[in-house]
Amino acid sequence: MTIHRAVVARVRPLSASMVRVTFHGDGLAGFRTTGTGDEYVRIFLPHGPDRTDVSLPRTTDKGGWETPEGQPVAPMRTYTIRAVRPEAGEVDIDFVLHEGGIAATWAAEAGPGDVVGLNDPTGLYSPPADLSWQVLVADQTALPAAARLLESAPAGVRTRVVIEVPDPSAVVPLPELPGSKVTWTYGGNGHGPSRIAELVAAAVPPGTDLAGGYVWVAGQTNALRTVRRYLRRELGLPADRFKVVGYWIPGSDTWSERYEALPDSVRAELEALWEDPVDGQGAQEDLTIRYEARLSEFGL
């Protein structure tokens, strides 16, 4: 794994609450896209007022990274890649602007010459070989990934896209492609309860002919627990026919503290769930459902 030094080339507003930051620079010469529409990277941000001073971590023999001795740890956040243009040496990342976020605050003030670190990307979207239709449901944080997945949909594949954004000012126009349909809904996104589970159930209701299908859902982690149970338990989708990806957690800054405050017996129970290896992707999804159900019982 490589940590790439990326320099801001330009910043462009996309809506009232989203900006696109385009990165370039010699440090991106070795950046290689996976080609997967929802690929993501870790962004390592400046640790002080100097927006070019980033203590880039170095990779380890085990494939991870570590901060060089004596250097401050760079704040890190995870974001999806909106576009990669190898011929121009550029990478686009779209940021949702909101109060309190380290990365969002950085992006709101970003300008040419600012520096960050990006690691090598990883993609999650993995449709079956017989794909004939797909449903993509996302909140605003997953809008960039959903947009890229729509744009890269294989010819002949029917694509339904449903996006939940806070209000009409957050809409970012998406292309009208043959066989595709895009629906915008308003709410959630930290401004109220998310309807993402309801939206998934409406897009893929019970009784749907699931042959050739794939469902990709991303957004608020807590709201996706109901989605995972619905797809796996109620619809009976095989694990390779859907992907549910949590992008953010309300109150994430205190989540670890609240987890550590659980009774020792509860934490031991939760951690024990992951001790024995599971056989197959389906078993992994079933285990995740059990784990998430227990977290929900304790308000996590």
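Refer to the structure printed above.
First, a word on what this report is: a plain description of the structure on this page. From a predicted model like this one, the values you see are computed outputs, not experimental measurements. (Residues numbered from 1 in each chain as written. Predicted model: local features only at pLDDT ≥ 70, side-chain atom pairs only at ≥ 80, totals over all residues. Heavy atoms only, no water.)

1. Some thoughts on the pairing of strand E11 (residues 158-165)
- For E11, a buried count of 6 out of 8 residues is recorded, marking the element as mostly surrounded by other parts of the structure.
- Direction of pairing for strand E10 (residues 133-139) relative to E11: parallel, over a ladder of 7 bridges. Its bridge partner lying in E11, aspartate 139 is registered against glutamate 164.
- For E11 and strand E12 (residues 180-186), the ladder comprises 7 bridges, and the chain directions are parallel. Across the sheet, the residue bridging to valine 165 is tyrosine 186, located in E12. (Buried < 20%, exposed > 50% of the residue type's maximum accessible area, 1.4 Å probe, protein only. Helix = DSSP H or I, 4+ residues; strand = E, 2+ residues; numbered from the N terminus. Pairing = 2+ DSSP bridges.)

2. Quick look at the nonpolar core
- Ranked by size, the top nonpolar core spans 25 residues in total, and within it Met18, Tyr125, Ala138, Leu143, Ile163 and Trp216 carry the most contacts.
- Looking at this core, the element that brings in the most residues is helix H2 (residues 143-151), giving 6 residues.
- If we skip the residues at most four places from it in the chain, isoleucine 163 touches Ala138, Asp139, Leu143, Ala146, Thr183, Trp184 and Thr185.
- Listed in part, the 22 residues of the second largest apolar core include Ala6, Val91, Trp106 and Ala110. (Core = buried A, V, L, I, M, F, W, Y, C linked by side-chain atoms within 4.5 Å. Contact = heavy atoms within 4.5 Å.)

3. Topic: the pattern of salt bridges
- Counted under the stated rule, the structure contains 19 salt bridges.
- A salt bridge links aspartate 114 to arginine 51, with the nearest nitrogen and oxygen atoms 2.7 Å apart. Taken as a pair, aspartate 114 in the loop between helix H1 (102-108) and strand E9 (115-119) and arginine 51 in the loop between strand E3 (40-44) and strand E4 (58-59) lie far apart in primary sequence, 63 residues in all.
- Between aspartate 286 and arginine 232 there is a salt bridge, with the nearest N and O atoms lying 2.9 Å from each other. You can see aspartate 286 sitting in helix H7 (residues 281-297) and its partner arginine 232 sitting in helix H4 (residues 221-234), a full 54 residues away along the chain.
- Through salt bridges with shared partners, a single ionic network connects Arg10, Arg85, Glu90 and Asp92. (Salt bridge = Lys/Arg side-chain N within 4 Å of Asp/Glu carboxyl O.)

4. Things to note about the sheet that holds E10
- If you trace the 5 strands from one edge of the open sheet to the other, you get E12-E11-E10-E13-E14, paired in parallel fashion. Every interior strand has two partners, whereas the edge strands, E12 and strand E14 (242-248), have only one. Here the strands of the sheet are splayed against their neighbours by 10° on average, with no regard to which way each runs.
- Relative to the sheet, helix H3 (residues 196-203) contacts E10, E11, E12 and strand E13 (213-220), its axis offset from that of E10 by approximately 165°. (Axes fitted to C-alpha atoms, helices over the stretch in contact; angles between N-to-C directions.)

5. Re the layout of surface pockets
- A volume near 1,600 Å³ is recorded for the largest pocket.
- Lining the largest pocket are 44 residues, with Thr141, Tyr247, Trp248, Ile249 and Ser252 sitting closest to its centre.
- Looking at the lining of the largest pocket, the elements that each hand over two or more residues are E3, strand E6 (76-80), strand E8 (90-96), H1, H4, E14 and helix H5 (252-260).
- Considering each element in turn, the lining of the largest pocket owes the most residues, 6 residues, to E14.
- Considered class by class, the residues forming the lining of the largest pocket number 18 nonpolar, 16 polar and 10 charged. (1 Å grid on protein atoms, 1.4 Å probe; cavity = no way out; pocket = protein on both sides within 12 Å on 5 of 7 lines; lining within 4 Å. Points joined across faces, edges and corners; volume = space filled by probe spheres on them. Nonpolar A, V, L, I, M, F, W, Y, C, P; charged D, E, K, R; others polar.)

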